[in-house]
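Residue-level structural notes
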Protein chains: 2
Amino acid sequence: MSKHVYKGFEPKWYKEEYPKNSYRAVFRWGDPHFHKYIKESLYEIIKDSFKMTDEDFKQYTSNLGIDEIKLKKPCKLDKKHLEFFKKIVGKDFVRTDDYSRASVAYGKTMYDILRMRKKILDNVPDAVIYPSEKEQIQAIVEYCNKNKIPLYVYGGGSSVTRGVEPVKGGISLDMRLRYNKVISFNEIDQTITVQTGMSGPDLEKHLNNAVTEFNAKRAYTCGHFPQSFEFSSVGGWVVTRGAGQNSTYYGKIEDIVLSQEYATPKGVVKTTKYIREATGPSLDQIMMGSEGTFGVLTEVTLRVFRFMPKNRKRYCYMFKNWETAMEATREMMQCECGYSSVFRLSDQHETKFMMRLYGISDTVFEKALAIAGYKIGEAALFLGFSEGEKGFAKNVRKKIGRIARKYKGFPLGGWVCKSWEKGRFNDPYLRDSLQDFGILTDTIECTVNWSNMEAVHQSVRKVCVAYKDAICITHLSHAYPQGANLYFIFFCKMSDPEEFRKYHASILDAIQKSGASMSHHHGIGKMFGPWLEGYVGKNEYEIYKVLKKHFDPNNVMNPGGTLGLDLDEKDKRKLK
Amino acid sequence: MSKHVYKGFEPKWYKEEYPKNSYRAVFRWGDPHFHKYIKESLYEIIKDSFKMTDEDFKQYTSNLGIDEIKLKKPCKLDKKHLEFFKKIVGKDFVRTDDYSRASVAYGKTMYDILRMRKKILDNVPDAVIYPSEKEQIQAIVEYCNKNKIPLYVYGGGSSVTRGVEPVKGGISLDMRLRYNKVISFNEIDQTITVQTGMSGPDLEKHLNNAVTEFNAKRAYTCGHFPQSFEFSSVGGWVVTRGAGQNSTYYGKIEDIVLSQEYATPKGVVKTTKYIREATGPSLDQIMMGSEGTFGVLTEVTLRVFRFMPKNRKRYCYMFKNWETAMEATREMMQCECGYSSVFRLSDQHETKFMMRLYGISDTVFEKALAIAGYKIGEAALFLGFSEGEKGFAKNVRKKIGRIARKYKGFPLGGWVCKSWEKGRFNDPYLRDSLQDFGILTDTIECTVNWSNMEAVHQSVRKVCVAYKDAICITHLSHAYPQGANLYFIFFCKMSDPEEFRKYHASILDAIQKSGASMSHHHGIGKMFGPWLEGYVGKNEYEIYKVLKKHFDPNNVMNPGGTLGLDLDEKDKRKLK
């Protein structure tokens, strides 16, 4: 729980535990006992930006969603199908009650949340199934294919692309309840094989406890910590090509995956267990990114890393401006000193925000920066961690420091990193507390090269702030010698889902026009689907369609727009 | 040229420049002015092993192949087709003479060389075309598809898998002559885009000279140095998923490629320019490994690296035995201190050989090793380089040294590495000088995990040495935290191509049975094709077939067994 003390007026933050079976129980981020709201200094910015007063924060303007969920959509699945599924997974693990169905209807884009608040449940599955073994999933996939029943998968539910939404009804496999076991651990090869419903914290706990749990010589880490870490699943990471906040060192999930097994309508597809080979196209890389449209990912073998938190080095520098900071960070990524794990650069707008969020504003550093000529509104904040073996982490830190000094970076303490660390997984809670007062915040991200980074930054930002009073802050948080991602966070006064959808679409349009990649790690889902062919090209997109037709000729796997695969031009226009 | 001085009898090494237009001009490795033969100490081993005497080295027992090539196969292509091709590339660049056709018939496996020595030209193209622009290639691919003319590509010609062999006749694009230009260089993003017929040394030269050639701030390197470096092409590296000897640091070619463009029967396919994204399956990884069966790779954008040879550190250790050495090298790869670039561990058999090849036998080290209890025949030699930024290279070297000491590695000088460096690209010349006396040497390699490395090593080696008097030496030369490759080099007395094919097949069978990957970086071509489905699995192999059918419905792209795609079960049995 946030413990910010307000000196002046404090908004009426909703700190209740939400009622069971309510809309809020579904749309709200994460842990029911945890609430997070903004600091007073940020509250002041918000009020200023949106021309609001304390009055506006005395009552909720958005529906809190505390009523019990009532669906007006009965389960349409034939009884014989339900009987079949019950035979496969056990009768307690096929559910058709309103709450179970609603709870797997949406992911976590604000489009989902705003609809939920308005009790709009556009799409729910007819039944939710809770498998525990891969053979059950194989049987279910086979059956759904034969009987043309749409099949969706709900891993952690943190999709921001409508990836899990059961647009065509049918069934949804909720993997959280029972499909989350370790299958094997191999210390010689440093790998772990798990069922795909395993959550991030569960995986990390198993690995951290390897000595007692697996009789290992040492503790390990998964190296993959997306912001959604606590409420995302291993399977979701893989099928969407996710990235953790430490990916600059550990790699994106596609670099961490060693092997996968899928249940597809064409049968089981299992990739080989070798990290590199020259045996035709990469089957791993064909299956990753398919987002449930080819089959259900049932097992994953991940590479694991030694858990050495003692070696972690933290560093933070303020650069005079964004241009200099981009130069400096590019040099850090190209100098071959080893990569930082967290590697995060805020633009001038985000820096202003972060000064408050990370608590720099409350320290002597703010004054020192001002004296040294670093202007808030121009300056750009960089923070990083290095990890790995002690000498490696030290060398990265040393060299980064040297480059920062060369580019006149003002050293701030490692405590800024620690402050960032505290919030790294729980910032999404802010979305709920702000929306209670009609303020919306969400994110869109893309990949750029160093050479088009500023052009993309400017052109996409322009569209983000074109909406009345909207605030846009940007950072890069996953870097490579050849480029990085750009992460746009926007705040605006908005509560209407359709208005949000259009705003969101205008930003995707801007990304497409800018030439950036449509996604670095959020995936495509159904929300970005209409833009995918335009991005990869016609002949190239045809390859996805050919693969889809092969694996899923009856279009039962995550149908209804995922990757845009079953959309015609008219559909696409409607969704854009 | 080798300059080994023999104290005793010296074999009658063939040191002539081969006659122009001869078979030898085609099958012989590389530079016509360079010859390489073995040292006297190795000559003694060879004689002992094969129960030969000096008498056997006074005359050649294998055909030298110095006659002029005469094909008894006239060009069967319709004149109108030749006219079309001439219109596209110019009349001088469509050739049907015997030498031009023979020169692109084979790659460089001993199966090719033995056939060539016996004047067996199983397959030649009807015509050879020398394109200079990608638009020409696009037009040729379109035309061949329409007219069902088989199309092959000859990049550098160093394939050891019959990858380039025009089994169905038709045309072969010889990329060496004119398709080798730099298209663009981008220093901001550290990338270069080239035509795919560019050779390794040409690419490296452009990058080393970036300051003068591209007005760059510094010099760069491609980081990719396969043993075939001097006579291989960028395109060949990419379509086969090759690896350079420094890949443990720089990555395999699939890690270095940023973007590709192909001319396929379905039109141009161009991948995106971003290193990581979450926009569906990876198109780069679908196209890489297709080995010419989907289309012709026309352009590649590669990541480039800073050229910092001054920072290179070299190290070499002798371990008491192979088991300890595997433990030590695994620790080196898993400790997260950064990766070595060259990382090479010889088994006990290769170590014995290398003691002589690298000149350790001639030094005080041999005696010191003996005194310290390191037995030749048991001990295992490790050598490595580290590169990158100075502090990085130093840290890797330091940590590797520490691990080596922990595992009782006996430090040998960096000069062993330098000795290895001298031979790193020209060992293939030995194959020709030995075969003149009926001795064959060739290699097969595969990927393993650390946990099955020794089982694979033993079972494959057993089959290699099962042939009468055969010698087998093994090393790992590309390492990962999860495993490495194993590289089997075998020597035997053999000159018959069919006998070689069967021997080679018995080794592939052994690899398949051992569970190792069929290839780490040589690719599959036509020679390994019959084993591919058995390796990846039926449902998995079906994916390759679906892609093939999509891109090349008329089967004109590298047809006749590449990746096994157009083989039926009967064909496969015949080739196994």
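Keep in mind the model is a prediction, meaning the values are calculated, not measured.

Now for the overall build of chain A. Regarding its fold elements, chain A presents 23 helices and 19 strands. Here the C-alpha coordinates of chain A stretch approximately 75 × 60 × 50 Å along the principal axes. Each of the 576 residues in chain A was classed as buried or not, and the buried ones make up 66%. Once local pairs closer than 6 in sequence are excluded, the contacts in chain A between residues at least 24 apart make up 76%. Entry remark: accessible area of chain A is about 20400 Å², with carbon and sulfur atoms responsible for 50%. Once the 88 positive and 69 negative side-chain charges of chain A are each reduced to a mean point, those two points are 2 Å apart.

Across the boundary between the two partners, chain B contributes 88 residues, which contact 88 residues of chain A. For the pairing of chain B and chain A, the buried interface totals around 7100 Å² over both sides, and the portion due to carbon and sulfur atoms is 53%. Salt-bridge contacts for B:Glu331 lead to A:Arg306; the nearest nitrogen and oxygen are separated by 2.9 Å. Linking chain B to chain A there are 58 residue pairs in polar contact (both at pLDDT 80 or more). Among the elements that line the side of chain B that touches chain A, the one with the most residues is helix α22 (residues 538-551) of chain B, at 9 residues. Grouping the constituent residues of the side of chain B that touches chain A by class yields 36 nonpolar, 31 polar and 21 charged.

Bringing the sheet that holds strand β4 (residues 171-174) of chain B into the picture now. Residues and elements named next belong to chain B. Ordered in space as β1-β2-β4-β3, the 4 strands form an open sheet in which the pairing is mixed. Strands at the two margins of the open sheet, each flanked by one partner only, are β1 (94-95) and β3 (151-154). Of the pairings in the sheet, the one linking strand β2 (residues 127-129) to β4 comprises 3 bridges and is parallel in character. What sits directly across from Ile 129, in β4, is Leu 173. The sheet contacts of helix α6 (residues 134-147) involve β2, β3 and β4, and relative to β4 the element is tilted by about 170°.

Residues and elements named next belong to chain A. One non-glycine residue, Glu 291, lies in the positive phi region at around 50°. By the secondary structure assignment, Glu 291 is in the loop between α12 (283-287) and β10 (296-303). Phi at Leu 563 is positive, roughly 60°, even though this residue is not glycine. Here Leu 563 lies in the loop between α22 (538-551) and α23 (569-575).

Attention now goes to the environment of B:Val268. Examined against the element boundaries, B:Val268 turns out to sit in strand β9 (residues 267-270). Put simply, B:Val268 and B:Arg501 are 233 residues apart on the chain and 37 Å apart in space, counted from C-alpha to C-alpha. Excluding its chain neighbours within four sequence positions, the residues that come into contact with B:Val268 are A:Asn539, A:Glu540, B:Gln138, B:Glu261 and B:Tyr262.

A few words now on the side chain of B:Gln195. Residues and elements named next belong to chain B. Inspection of the secondary structure assignment puts Gln 195 in strand β6 (residues 191-195). One polar contact links the side chain of Gln 195 to the main-chain amide nitrogen of Asn 180, over a distance of 3.1 Å. Setting aside anything within four residues of it in sequence, one finds Gln 195 in contact with Ser 132, Glu 133, Arg 178, Tyr 179, Asn 180, Lys 181, Ile 183 and Thr 298.

Turning to the confidence of the model for chain A, a few remarks are in order. With 99% of its residues at a pLDDT of at least 70, chain A reaches an overall mean of 96. For this predicted complex, the interface confidence reaches an ipTM of 0.97, while the overall pTM sits at 0.97.

Another point: the side chain of A:Asn246. Within the secondary structure, A:Asn246 is located in the loop between α9 (234-240) and α10 (247-250). What A:Asn246 contacts, discounting residues up to four positions off in sequence, is A:Gly223, A:Phe225, A:Ser341, A:Val342, A:Glu387 and A:Arg424.

A few words on the pairing of β6(B). Residues and elements named next belong to chain B. The element β6 is largely enclosed, with a buried count of 5 among its 5 residues. Alternating positions in β6 separate into two faces, Thr 191, Thr 193 and Gln 195 on one and Ile 192 and Val 194 on the other, with burial throughout. Between strand β5 (residues 182-186) and β6, which pair antiparallel one after the other, the connecting turn spans 4 residues, and Gln 190 there sits at a positive phi close to 55°. Two strands pair when backbone bridges link them, and β6 and strand β10 (residues 296-303) are joined in this way by 5 bridges, in the antiparallel orientation. Directly across from Val 194, in β10, lies its bridge partner Val 300.

This part is about the packing of aromatic side chains. Tallied over the full model, the rule gives 65 aromatic pairs over all chains. Ring plane angle 80° and centroid distance 5.7 Å describe the contact between B:Trp13 and B:Phe437, whose orientation is recorded as edge-to-face. Separated by 424 residues along the polypeptide, B:Trp13 in the segment before α1 (23-27) and B:Phe437 in the loop between α18 (428-435) and β16 (439-449) bring together distant segments of the chain. Three or more aromatic residues link up through ring pairs in this structure, and these residues are A:Tyr6, A:Phe9, A:Trp13, A:Tyr14, A:Tyr37, A:Tyr43, A:Phe57, A:Tyr60 and A:Phe437. Against the face of A:Phe385 rests A:Arg314, its NZ or CZ located 5.4 Å from the ring centre. Of note, B:Arg178 hangs over the ring of B:Phe93, and the distance from its end group to the ring centre comes to 3.5 Å.

Residues and elements named next belong to chain A. Tallying each qualifying case throughout the model produces 68 salt bridges over all chains. The salt bridge involving Lys 572 is made with Glu 533; its shortest N-O contact spans 2.8 Å. Here Glu 533 lies in helix α21 (residues 529-536) and Lys 572 lies in helix α23, a separation of 39 residues in the sequence. Both residues of the pair, Lys 572 and Glu 533, count as buried. When salt bridges that share partners are traced, they join Asp 112, Arg 115, Asp 122, Arg 162 and Glu 165 into one network.

Our next topic: the packing of helix α13 (residues 322-334) of chain A against helix α19 (residues 453-464) of chain A. All names here are of chain A. Viewed as axis vectors pointing N to C, α13 and α19 meet at an angle of 140°, and their least axial separation amounts to 11 Å. Classed by the angle they form, the pair α13 and α19 counts as oblique. Crossing angle aside, the handedness with which α13 passes α19 is right-handed. Contacts between α13 and α19 pair Trp 322, Glu 323 and Met 326 from the former with Met 453, Glu 454 and His 457 from the latter. Split by residue class, the contact of α13 with α19 holds 3 nonpolar, 1 polar and 2 charged.

Residue and element names in this part refer to chain B. Taking 1.5 Å per residue as the helical rise, helix α20 (residues 497-514) with its 18 residues ought to reach 26 Å, and the 26 Å between its terminal C-alpha atoms agrees with that figure. What α20 keeps buried is the set Pro 497, Phe 500, Arg 501, Tyr 503, His 504, Ala 505, Ile 507, Leu 508, Ala 510 and Ile 511. In the core, the buried residues of α20 are packed alongside α5 (110-117), β16, α19 (453-464), β19 (483-493), α21 (529-536) and α23 (569-575). Directly after α20, the chain includes Gly 515, whose backbone phi takes a positive value near 90°.

Our focus in this paragraph is the sheet that holds strand β4 (residues 171-174) of chain A. Residues and elements named next belong to chain A. Read from one edge of the open sheet, 4 strands run β1-β2-β4-β3, paired in mixed fashion. Each of the sheet's edge strands pairs with one partner strand only, and the pair in question is β1 (94-95) and β3 (151-154). Pairing of β1 with strand β2 (residues 127-129) involves 2 bridges; the strand directions are antiparallel. In the sheet register, Val 94 faces β2, and the bridge partner there is Ile 129. The sheet contacts of helix α6 (residues 134-147) involve β2, β3 and β4, and relative to β4 the element is tilted by about 170°.

Cut-offs and rules
- Residues numbered from 1 in each chain as written.
- Chains lettered and ligands numbered in written order.
- Predicted model: local features only at pLDDT ≥ 70, side-chain atom pairs only at ≥ 80, totals over all residues.
- Heavy atoms only, no water.
- Helix = DSSP H or I, 4+ residues; strand = E, 2+ residues; numbered from the N terminus.
- Buried < 20%, exposed > 50% of the residue type's maximum accessible area, 1.4 Å probe, protein only.
- Contact = heavy atoms within 4.5 Å.
- Areas by Shrake-Rupley, 256 points an atom, 1.4 Å probe, with all protein chains shown as cover.
- Lys, Arg positive; Asp, Glu negative; His and termini not counted.
- Charge placed at Lys NZ, Arg CZ, Asp CG, Glu CD.
- Buried area = accessible area lost by both parts, 1.4 Å probe.
- Salt bridge = Lys/Arg side-chain N within 4 Å of Asp/Glu carboxyl O.
- Polar contact = N/O pair within 3.5 Å; in protein donor to acceptor, adjacent residues only side chain to side chain.
- Nonpolar A, V, L, I, M, F, W, Y, C, P; charged D, E, K, R; others polar.
- Pairing = 2+ DSSP bridges.
- Axes fitted to C-alpha atoms, helices over the stretch in contact; angles between N-to-C directions.
- pLDDT = per-residue confidence, 0-100.
- Phe/Tyr/Trp six-rings, centres within 6.5 Å; stacked < 30°, edge-to-face > 60°.
- Lys NZ or Arg CZ within 6 Å of the ring centre and 35° of its normal.
- Parallel < 35°, antiparallel > 145°, perpendicular 65-115°, else oblique.
- Left-handed = near helix turned anticlockwise from the far one by under 90°.
- Expected span 1.5 Å × (residues − 1).

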